[in-house]
Amino acid sequence: MDLVQLEIFKAVAEHGSISAAAAQIHRVPSNLTTRIKQLEEDLGVDLFIREKSRLRLSPAGWSFLEYARRILDLVQEARATVAGEEPQGAFPLGSLESTAAVRIPGLLATYNQQHPKVDLDLSTGPSGTMIDGVLSGRLAAAFVDGPILHPALEGIPAFEEEMVIISPLQHGPIQRAADVNGENIYAFRSNCSYRHHFEKWFSTDAAVPGKIFEMESYHGMLACVSAGAGLALMPRSMLQSMPGCATVSVWPLAADFRYLTTWLVWRRGTVSRSLSMFVRLLEERGVVRAEEN
């Protein structure tokens, strides 16, 4: 087994075909086919399930892909460290929408200025989607809602968010979930941690929301609530950043539900030089709290 075989395997696994992978890494398809077969013989397992012109990763292939990515990342990091190079190359970062909108714009601008050779690519979405991206290797790291419980992940706490419920201006006081039992709510998709938090707030008080309308943005939620159509949960920092925030009533949650911590997470044991510099910048700006996962 050598690094070339790992690079070829990774390319084929990510593209699902020999021809597409060959075009990406500038090799002839027959060379890729030969190197993949040699790797499978060396390991004693089939890494792919072959279906006509396409290849699907076998269960063993999925497991091996994780190790191949980690090995290649470590090799790249080692080369950069020994050579004394500054961070460079792709740095795909994920984030909750609210974090991307309110908490990190200045951080990203500073990082880009300090490390111009890094190609920082930001993706946003619910915590579940971002965590899946980190676990699959699509994202190098992501800002997600904590705590972090997955054994393959590690990270650091980054921001504390105060969560608030917003309602139409004419709505009565909201002190507990029983006050709004059966009322409609607006939330992100089912893999959103903030939605889970909202639903748990209801269930802990033996209450249930009415219809849950799935939205794609906080701006959409605010507009619907302002129009008198239901309730929503969001970080106070996000609410205050949006035009129209004064068109709704704002209700803080009880202590057990009021605050959530946003974490920066990555796959355990895969801290690249680009990520290391990003974490250092967080620390320099005094954002990260002392404790770690």
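Okay, so let's go over this structure. Quick caveat, the model's predicted, so the values are computed rather than measured. (Residues numbered from 1 in each chain as written. Predicted model: local features only at pLDDT ≥ 70, side-chain atom pairs only at ≥ 80, totals over all residues. Heavy atoms only, no water.)

1. A short note on the pattern of salt bridges
Evaluation of the coordinates by the stated rule reveals 13 salt bridges. Where Arg-189 meets Glu-216, a salt bridge forms, and the shortest distance between an N and an O atom there is 3.0 Å. In this pair, Arg-189 is assigned in the loop between β7 (185–187) and α8 (193–204) and Glu-216 in the loop between β8 (212–214) and α9 (218–226), connecting sequence segments 27 residues apart. Relative accessible area serves as the criterion here: at 32%, Arg-189 is assigned to the partly exposed category. The exposed category is assigned to Glu-216, whose relative accessible area is 58%. Through salt bridges with shared partners, a single network forms among Lys-10, Glu-14 and Arg-69. (Salt bridge = Lys/Arg side-chain N within 4 Å of Asp/Glu carboxyl O. Helix = DSSP H or I, 4+ residues; strand = E, 2+ residues; numbered from the N terminus. Buried < 20%, exposed > 50% of the residue type's maximum accessible area, 1.4 Å probe, protein only.)

2. Some remarks on the pairing of strand β6 (residues 153–168)
A large share of β6 lies buried, amounting to 15 of its 16 residues. Where β6 lies against strand β11 (residues 259–267), 9 bridges are found, and the strand directions are antiparallel. Bridge pairing links Gly-155 to Val-265 in β11. Sheet analysis places β6 next to strand β9 (residues 231–235), joined by 4 bridges and oriented antiparallel. (Pairing = 2+ DSSP bridges.)

3. Digging into unusual backbone geometry
Both trends apply: most residues other than glycine have a negative phi, and most peptide bonds are in trans. The residue after Gly-146, namely Pro-147, is reached through a cis peptide bond having omega 0°. On the secondary structure map, Pro-147 appears in the loop between β5 (141–145) and β6. Unusually for a residue other than glycine, His-26 sits at a positive phi of about 60°. With respect to the helices, strands and loops of the structure, His-26 is situated in the loop between α2 (18–25) and α3 (29–43). In the Ramachandran plot, Ala-206 falls in the positive-phi region, its phi being about 55° despite a non-glycine side chain. Given a relative accessible area of 74%, Ala-206 falls into the exposed group.

4. As for the side chain of Gln-5
Within the secondary structure, Gln-5 is located in helix α1 (residues 3–15). For Gln-5, a relative accessible area of 6% corresponds to the buried category. Among all residues touching Gln-5, those that are not within four sequence positions of it are Arg-35, Gln-38 and Leu-39. (Contact = heavy atoms within 4.5 Å.)

5. Structural notes on the environment of Ala-140
By the secondary structure assignment, Ala-140 is in the loop between α7 (127–136) and β5. Taking the C-alpha atoms as reference points, Ala-140 and Ser-274, separated by 134 residues in sequence, lie 9.2 Å from one another. With near-sequence residues (within four places) excluded, Ala-140 lies in contact with Phe-91, Pro-92, Val-265, Trp-266 and Leu-275.

6. Comments concerning the packing of aromatic side chains
Evaluated as defined, the whole model comprises 12 aromatic pairs. For the ring pair Phe-91 and Tyr-111, a centre distance of 5.8 Å and an interplane angle of 45° mean the geometry is tilted. Here Phe-91, found in strand β3 (residues 89–95), pairs with Tyr-111, found in helix α6 (residues 105–114); they are 20 residues apart in sequence, far enough to count as distant. By the burial criterion, Phe-91 is buried, and Tyr-111 matches it. With relative accessibility at 1%, the residue Phe-91 sits in the buried group. (Phe/Tyr/Trp six-rings, centres within 6.5 Å; stacked < 30°, edge-to-face > 60°.)

7. Quick look at the nonpolar core
Ranked by size, the top nonpolar core spans 34 residues in total, and within it Ile-165 and Trp-201 carry the most contacts. Among the elements of the structure, β6, β7, α8, α9, β9, α10 (236–241) and β10 (248–252) are those that each provide at least two residues to this core. When residues no more than four places from it in sequence are discounted, the contact partners of Ile-165 are Ile-174, Phe-198, Trp-201, Leu-231, Ala-232, Leu-233, Ser-249, Val-250, Trp-251 and Leu-253. The next biggest cluster of nonpolar side chains, apart from the first, holds 22 residues, and it includes Ile-104, Tyr-111, Leu-120 and Ala-141. (Core = buried A, V, L, I, M, F, W, Y, C linked by side-chain atoms within 4.5 Å.)

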